[in-house]
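Next come the chains, spelled out residue by residue.
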Amino acid sequence: MVAHNKTIAGKTLREWRDFSPVIGDICALRETAWINPGKLPFAEAAQSCPLTMADIEDAAARLNRFASYIKLAFPETAGAGGIIESDMVRIPVMQRSLEQDEGVPLRGQLWLKKDSHLPISGSIKARGGIYEVLKTTEDIALQNGCLRPGDDYSVFASDDFRALFSRYSIAVGSTGNLGLSIGIMGAKLGFRVTVHMSADARQWKKDLLRSKGVRVIEYKSDYSTAVAEGRKQAESDPFCHFVDDENSQTLFLGYTVAALRLKRQLTEQRIAVDAEHPLFVYLPCGVGGGPGGVAFGLKQVFGDHAHCFFAEPTHAPCMLLGMASGENNRVCVQDFGVDNRTAADGLAVGRASAFVGGLLRPFLSGCYSLSDERMYKMLARLADTEGIYLEPSALAGMYGPFLMEKSAAFRGYIARFGLDAQMPHATHLVWATGGNMVPRAEMEKYYSRGRELANRAVE
Ligand SMILES: *Cc1c(COP(=O)(O)O)cnc(C)c1O
């Protein structure tokens, strides 16, 4: 409980609740939906933004340069030419099933972006995390005069390069999946890697990393502490690169490349995105880098025709809180008596990234929160209807399309932008952020929990 006379960023709890009813919902752990009053038309938002399409293209080009190495080091990517990318698939059976549950038809088509099945590390972190390791690696090779423009990057697999990188280390703080991506990629290249894991991190992720020679340091506290400790320890070592999940522009740009790839996939699927065919995208959000990067990229590619929403657990709605209060990272969920304890371990973050919160402010359409129970139930439902298995965090986006039909706030958004007539041609893309690496026994537990909760609801 928060004492009622205590002030948080200059306001008492009561004053905050009067300021925004969504904050009252957050404190009460109620599911809630919020439309961003700070969103601007794309052309205007882009004007004052320090990052541009050129930055995204630079990142995409770097990933292309590394493709010959990735193909060699991770043969499972050979079919895709060393490009780490996921499929987008239609999920019509899930759509009908949820329509029945929710008692409303969903206008438009429901699609899933399967970052859950990205090669190498099975989560959205295989975008940003791996990109930052590769960028660091390229910088070191260039500084040491081992690489010239135009070289074939398969040399990164050579013993000489591994010997060079073994003189350097990489560190990161994580709730699990970022550590997995950085650890797997860093160790493969020859770096000494240290992962600072928050209390939320699953045991199997720590075990897997240790089996690859990664040093895992465990914390009893949450994500923010693990990151702060990691940052502090890395600071004193000039040969250590710290992947800063709260502030890294490099990490962010790695995620943005998804938008260029998605554009091509939409074209292949003959899905138009224009004034008549809006694209709604629902992204699970932890600290904000992953969903922020993807959303930023999508806005650069599709402008006003892309509508991006962030999804968070009711127990860890840090971006929603930062945005709705206008205080960004100056407040955390714990300030408001919210405990940051959730089964959605990838989203267990109490304080959002200042960098992402600020950058996304004029681009983002809205945020919502949902209960862990709902994520579990949708996890089991997706498995039953489509045979696709995700981790709990990755289901957070699945509720968004139905909020477009059910929530007064989101319906207001559709009305305000005059989108009602276009909704039957809308594409709803749920970003599935993780799950493929989850061990079978663990996944069975998630699934049973979802079935159990669904049965309980029926009784
Ligand atoms: C990390 C993660 C997210 C959110 O990414 P952030 O950059 O922390 O916002 C979503 N889902 C899963 C499964 C993740 O691991």
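In this text, all values refer to a predicted model and were calculated from it rather than measured experimentally. (Residues numbered from 1 in each chain as written. Predicted model: local features only at pLDDT ≥ 70, side-chain atom pairs only at ≥ 80, totals over all residues. Heavy atoms only, no water.)

Engineer: What exactly am I supposed to notice about the overall build of the chain here?
Structural biologist: Counting its regular elements, the chain contains 18 helices and 13 strands. Expected size for 459 residues packed as a compact globule is a radius of gyration near 23 Å; at 21 Å, the chain falls within 12% of this value. Overall, the chain is about 60 × 55 × 50 Å in size when its C-alpha atoms are taken along their principal axes. Long-range contacts, defined as pairs at least 24 residues apart, comprise 74% of the intrachain contacts of the chain with a sequence gap of at least 6. Counting only carbon and sulfur atoms, one obtains 49% of the accessible surface of the chain, whose full area is about 17,700 Å². (Helix = DSSP H or I, 4+ residues; strand = E, 2+ residues; numbered from the N terminus. Rg over C-alpha atoms; globule rule 2.2 N^0.38 Å. Contact = heavy atoms within 4.5 Å. Areas by Shrake-Rupley, 256 points an atom, 1.4 Å probe, with all protein chains shown as cover.)

Engineer: How do you make sense of the packing of helix α6 (residues 125–143) against helix α8 (residues 177–189) when you look at a structure like this?
Structural biologist: Axis angle and axis distance: for two packed helices, these are the angle between their axes and the distance between the axes, and together they describe the pair. Relative orientation of the contacting elements α6 and α8 amounts to 35°, with a least axis distance of 8 Å. The way α6 lies across α8 gives a crossing that is right-handed. Across from Lys 125, Ala 126, Gly 129, Ile 130, Val 133, Leu 134 and Thr 137 in α6, the residues of α8 making contact are Asn 177, Leu 178, Ser 181, Ile 182, Met 185, Gly 186 and Leu 189. When grouped by side-chain class, the residues that make up the contact of α6 with α8 number eight nonpolar, five polar and one charged. (Axes fitted to C-alpha atoms, helices over the stretch in contact; angles between N-to-C directions. Left-handed = near helix turned anticlockwise from the far one by under 90°. Nonpolar A, V, L, I, M, F, W, Y, C, P; charged D, E, K, R; others polar.)

Engineer: Before we go on, may I ask you to explain the domain arrangement of the chain in this structure?
Structural biologist: By a widely used convention, the size of an interface equals the accessible area lost when the partners come together. Looking at the chain, the domain boundaries give domain 1 (7–51 + 79–120 + 250–458) and domain 2 (125–247). One C-alpha centre belongs to domain 1, the other to domain 2; they are set 27 Å apart. If you look at the interface, domain 1 gives 33 residues, while domain 2 gives 27 residues. For the pair domain 1 and domain 2, the two sides together bury roughly 2,400 Å², of which 58% comes from carbon and sulfur. The largest share of the area that domain 1 buries against domain 2 comes from Leu 251, Tyr 255 and Asp 345, three residues that together contribute 24% of it. Where domain 1 touches domain 2, the interface holds five salt bridges. Between Arg 202 and Glu 442 there is a salt bridge, with its nearest N and O atoms 2.6 Å apart. (Domains from an automatic or database assignment. Buried area = accessible area lost by both parts, 1.4 Å probe. Salt bridge = Lys/Arg side-chain N within 4 Å of Asp/Glu carboxyl O.)

Engineer: What is the right way to read the packing of helix α4 (residues 53–73) against α6 from this model?
Structural biologist: At a closest axis distance of 10 Å, the pairing of α4 and α6 adopts a crossing angle of 85°. Here α6 runs roughly perpendicular to α4, going by the angle between their axes. Each of Ala 59, Arg 62, Leu 63, Arg 65, Phe 66 and Ile 70 in α4 lies in contact with α6, whose residues at this interface are Tyr 131, Leu 134, Lys 135 and Glu 138. For the contact of α4 with α6, the class distribution of residues is six nonpolar, no polar and four charged. (Parallel < 35°, antiparallel > 145°, perpendicular 65-115°, else oblique.)

Engineer: Honestly, the sheet that holds strand β7 (residues 192–197) in this entry has me stumped. Any pointers?
Structural biologist: Paired through backbone hydrogen bonds, the strands of a sheet run either parallel or antiparallel to each other. Here we have four strands laid out as an open sheet, ordered β8-β7-β6-β9, and parallel in their pairing. Lying at the two open borders of the sheet, with one neighbouring strand each, are β8 (215–218) and β9 (240–243). With direction set aside, neighbouring strand axes in the sheet form an average angle of 20°. Those strands touched by α8 are β6 (169–174), β7 and β9, and its axis lies near 165° from that of β6. (Pairing = 2+ DSSP bridges.)

Engineer: I tried to follow the site of the ligand on my own but got confused; where do I start?
Structural biologist: Neighbouring the ligand are 16 residues; Lys 125, Asn 177, Gly 288, Gly 290 and Thr 433 lie closest to it. Taking Val 287, its main chain carries an N or O atom lying 3.1 Å from an oxygen atom of the ligand. The protein chains hide 98% of the 380 Å² of surface that the ligand would expose on its own. Judged by the fraction of its atoms near the pocket grid, the ligand is located in the largest cavity. Here the element with the most residues in the shell around the ligand is helix α12 (residues 289–302); it accounts for three residues. Per-class residue counts for the shell around the ligand are five nonpolar, nine polar and two charged. (Near = heavy atom within 4 Å. Polar contact = N/O pair within 3.5 Å; in protein donor to acceptor, adjacent residues only side chain to side chain. 1 Å grid on protein atoms, 1.4 Å probe; cavity = no way out; pocket = protein on both sides within 12 Å on 5 of 7 lines; lining within 4 Å. Sits in = over half its atoms within 2 Å of the grid points.)

Engineer: Would you mind showing me how to read the environment of Ile 130 here?
Structural biologist: By the secondary structure assignment, Ile 130 is in helix α6. The spatial distance from the C-alpha of Ile 130 to the C-alpha of Leu 180 is 9.8 Å, given a sequence separation of 50 residues. With residues near it in sequence (within four places) discarded, Ile 130 still touches Ile 84, Ile 120, Ser 121, Lys 125, Ser 181 and Met 185.

Engineer: Would you mind going over empty space enclosed by the protein with me for this structure?
Structural biologist: Where empty space is left in the structure can be found by rolling a water-sized probe over the atoms. A complete count under the given rule lists four cavities of 30 Å³ or more for this structure. If you add up the space inside the largest cavity, you get close to 240 Å³. In this structure, the largest cavity is lined by 25 residues; those nearest its centre are Ile 124, Lys 125, Gly 286, Gly 346 and Leu 347. The set of elements that each furnish at least two residues to the lining of the largest cavity consists of α8 and α12. Split into classes, the residues belonging to the lining of the largest cavity amount to 10 nonpolar, 12 polar and three charged. Lining the lining of the largest cavity are residues from two domains, each supplying at least three of them: domain 1 (7–51 + 79–120 + 250–458) and domain 2 (125–247). Estimated volume of the second largest cavity: approximately 130 Å³. Along the walls of the second largest cavity sit 14 residues, with Leu 63, Ile 84, Ala 126, Arg 127 and Arg 261 positioned nearest its centre. Taken together, the elements giving at least two residues each to the lining of the second largest cavity come down to α4, α6 and α11 (249–268). When grouped by side-chain class, the residues that make up the lining of the second largest cavity number 10 nonpolar, two polar and two charged. The residue makeup of the lining of the second largest cavity includes at least three contributed by each of domain 1 (7–51 + 79–120 + 250–458) and domain 2 (125–247). (Points joined across faces, edges and corners; volume = space filled by probe spheres on them.)

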